[in-house]
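Chains, contacts and geometry: an overview
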Amino acid sequence: MNKLLHKPFSIASSVAGGVAAGIVFKQVWRRLSGEDEAPQATSRDYGWGEVLAAAALQGAIFAAVKAAIDRGGAAGIRRLTGDRPDD
């Protein structure tokens, strides 16, 4: 039953987390680089180092936000049902 309960919350929180991670990344990139937008992978205006650094930073932020949301969601389900959704 708790897997059924967990699924809609998981989907909604994943979408919200993706939006939040995008906002966090933009703010971090802006502070680190002084630019409003991160470089696109195909942009001629940036070198490999800048493009790969931006991608690595973005990936790290998205992974950290996803882990925090997944962990928090599982803890919330555990509080509601008494066991984790993956049990």
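If you're wondering where the values come from, they're calculated on a predicted model, not measured in any experiment.

A few points about the overall build of the protein chain
What the protein chain contains, in helices and strands, is 2 helices and 0 strands. By the burial criterion, 18% of the 87 residues in the protein chain qualify as buried. Total accessible area computed for the protein chain in this model is approximately 6,300 Å², and 62% of it derives from carbon and sulfur atoms.

Things to note about helix α2 (residues 48-81)
In this model α2 runs 49 Å from its N-terminal to its C-terminal C-alpha over 34 residues, within 8% of the 50 Å that 1.5 Å per residue would give. Along α2, the positions that sit buried rather than exposed are Val51, Ala54, Ile61, Val65, Ala74, Ala75 and Ile77. Glycine 82 lies just past α2 and shows a positive phi near 95 degrees.

Here's the deal with the nonpolar core
Among the nonpolar cores identified, the biggest contains 7 residues, and these are Ala21, Phe25, Trp29, Ala38, Ala54, Ile61 and Val65. Leaving out residues up to four positions away in the same chain, valine 65 has contacts with Gly17 and Ala21.

Some words on the layout of surface pockets
Empty space among the atoms becomes apparent when a probe as large as a water molecule is rolled across them. In this structure, the largest pocket occupies an estimated 190 Å³ of space. Lining the largest pocket are Phe25, Lys26, Trp29, Asp36, Glu37, Ala38, Pro39, Gln40, Val51, Ala54, Ala55 and Gln58. Put simply, the parts of the chain that give the lining of the largest pocket at least two residues each are α1 (2-33) and α2. Looking at the lining of the largest pocket element by element, the count peaks at 4 residues for α2. Across the lining of the largest pocket, the residue classes tally to 7 nonpolar, 2 polar and 3 charged.

Things to note about the pattern of salt bridges
Throughout the structure, instances matching the rule amount to 3 salt bridges. Residue glutamate 37 is joined to lysine 26 by a salt bridge in which the shortest nitrogen-to-oxygen separation is 3.3 Å. Of this pair, glutamate 37 sits in the loop between α1 and α2 while lysine 26 sits in helix α1; the two residues are 11 residues apart in sequence, bridging distant segments of the chain. Residue classification places lysine 26 among the partly exposed residues on the basis of a relative accessible area of 38%. Across the salt bridge formed by aspartate 36 and arginine 30, the nearest N and O atoms sit 3.3 Å from each other.

Remarks on a nonpolar patch on the surface
On the surface, a nonpolar cluster with roughly 390 Å² of combined accessible area is contributed by Ile11, Val15, Val19 and Ile23. Mapped onto the secondary structure, valine 19 falls in helix α1.

Observations regarding the environment of tryptophan 29
Position of tryptophan 29 among the secondary structure elements: in helix α1. Along the chain, tryptophan 29 and glutamine 58 lie 29 residues apart, while their C-alpha atoms are 8.7 Å from each other. In this view, tryptophan 29 contacts Gly34, Glu35, Glu37, Ala38, Pro39, Glu50, Ala54 and Leu57; residues no more than four positions away in its chain are not counted. Looking at tryptophan 29, its side chain comes within polar contact range of the main-chain oxygen of glutamate 37, at 3.3 Å.

Parameters and conventions
Residues numbered from 1 in each chain as written. Predicted model: local features only at pLDDT ≥ 70, side-chain atom pairs only at ≥ 80, totals over all residues. Heavy atoms only, no water. Helix = DSSP H or I, 4+ residues; strand = E, 2+ residues; numbered from the N terminus. Buried < 20%, exposed > 50% of the residue type's maximum accessible area, 1.4 Å probe, protein only. Areas by Shrake-Rupley, 256 points an atom, 1.4 Å probe, with all protein chains shown as cover. Expected span 1.5 Å × (residues − 1). Core = buried A, V, L, I, M, F, W, Y, C linked by side-chain atoms within 4.5 Å. Contact = heavy atoms within 4.5 Å. 1 Å grid on protein atoms, 1.4 Å probe; cavity = no way out; pocket = protein on both sides within 12 Å on 5 of 7 lines; lining within 4 Å. Points joined across faces, edges and corners; volume = space filled by probe spheres on them. Nonpolar A, V, L, I, M, F, W, Y, C, P; charged D, E, K, R; others polar. Salt bridge = Lys/Arg side-chain N within 4 Å of Asp/Glu carboxyl O. Patch = residues over 30% accessible without salt bridge, like charges linked within 9 Å, V, L, I, M, F, W, Y side chains within 5 Å. Polar contact = N/O pair within 3.5 Å; in protein donor to acceptor, adjacent residues only side chain to side chain.

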